[in-house]
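Residues per chain are reported as follows:
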Amino acid sequence: MTDRRLLLVHAHPDDESIVTGATMAKYAAEGAGVTLVTCTLGEEGEIIPPELAHLSGDALGKHRIGELAKACRNLGVRDHRFLGGPGHYRDSGMMGAPSNDDDRAFWRADVEEAARRLAVIVREVQPDAMVSYDSNGGYGHPDHIQAHRVAVRAFGKAAERSLPGTPWQTRKLYAVVQPTSVLQERVERLRYASGSFTPPASVQDIAPGTPDHLVTTRIDAGVHWPAKALAMRAHATQITVEGERFALSNGIAQEIDAVEYFTLLRGPSLRPGADGVETDLFG
């Protein structure tokens, strides 16, 4: 057991497993305190299995609470919370969708209010490092963008004396990223993969890549690949897993990778390893 503590801020159930599942499993297995804060229930998610097609809206959100609980168990994560409580903020849907205008949509939430809620959690957990998204939310989803804004504000707000409790300054704040070169290599491999998924035609079919020189951190959690794959399987409404690959509702093949990448947004100067990146979020 260590006294290291990591707090992750994700937009919807399944985000944690897809982009940070291996990292979460690694640090949890090493005895670090891992806290996951999810901002919405994912009520606007597109359902894949026909037998679950009857779920929608709030009913889907309630179902996804169970999927997330199972995923967290598979990752060894015991501390999971919904920002403001389950359903306080609603999934906004993709950018430009009518659901963006719902009064409960996270996209419409007051950033200061949401950041205050998160800062209270930060003060309680006292993490050494926080993880969320970059300013574009990884791929432009409004809830991911809002999660970035709220996490950045809470990172600073938790240290202010205006809140009740003891101020806390987290040392480091990271964004999840996917290096362009890594995505390009995956696309090349997936072009020749067998299975029922559609091979990606380009990097853009998977995610907007981050230029390699902006990537500061690589977490190699290869031994925790099985835990990540199981966690992704738990999100059955949103993810189909076939062997070492998975697909979302668009059916486009992606690799399940236990090497995950980050960019430092706030914190002290890094001490990179021989290949120019750091290999520990607590380094």
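As a reminder, the structure under discussion sits directly above these lines.
On a predicted model such as this, the values are computed, not experimentally measured, just so you know.

Draft legend 1. Just helix α1 (residues 15-29), in detail. Between its terminal C-alpha atoms α1 stretches 20 Å, which fits the 21 Å expected from 15 residues at 1.5 Å a residue. Maximal helix bending in α1 amounts to about 80 degrees, located at G21. Among the 15 residues in α1, 13 count as buried, and that is most of the element. Of the residues trailing α1, G31 is marked for its positive phi of about 95 degrees.

Draft legend 2. Main features of the environment of R123. Mapped onto the elements of the fold, R123 is located in helix α3 (residues 111-125). By relative accessible area, which is 7% here, R123 ends up buried. Spatially, the C-alpha atom of R123 lies 9.5 Å from that of L163, the residues being 40 residues apart in sequence. Every residue in contact with R123, bar those within four places of it in the chain, is listed here: K157, A158, A159, E160, R161, L163, P164, G165, T166, P167 and W168.

Draft legend 3. Highlighting the layout of surface pockets. Roughly 1100 Å³ of volume is contained in the largest pocket. Lining the largest pocket we find 47 residues, and of these D15, I18, Y139, H144 and L248 sit closest to its centre. Counting only elements with at least two residues in the lining of the largest pocket, the list comes to α1, β5 (172-177), α6 (225-234), β9 (254-255) and β10 (259-266). For the lining of the largest pocket, the class distribution of residues is 17 nonpolar, 17 polar and 13 charged. Elements with a contribution of two residues or more to the lining of the second largest pocket: α1 and β2 (33-38). When residues of the lining of the second largest pocket are assigned to their parent elements, the largest contribution, 3 residues, is made by β2.

Basis of the calculations
- Residues numbered from 1 in each chain as written.
- Predicted model: local features only at pLDDT ≥ 70, side-chain atom pairs only at ≥ 80, totals over all residues.
- Heavy atoms only, no water.
- Helix = DSSP H or I, 4+ residues; strand = E, 2+ residues; numbered from the N terminus.
- Expected span 1.5 Å × (residues − 1).
- Bend = angle between axes of the 7 residues up to and from the residue.
- Buried < 20%, exposed > 50% of the residue type's maximum accessible area, 1.4 Å probe, protein only.
- Contact = heavy atoms within 4.5 Å.
- 1 Å grid on protein atoms, 1.4 Å probe; cavity = no way out; pocket = protein on both sides within 12 Å on 5 of 7 lines; lining within 4 Å.
- Points joined across faces, edges and corners; volume = space filled by probe spheres on them.
- Nonpolar A, V, L, I, M, F, W, Y, C, P; charged D, E, K, R; others polar.

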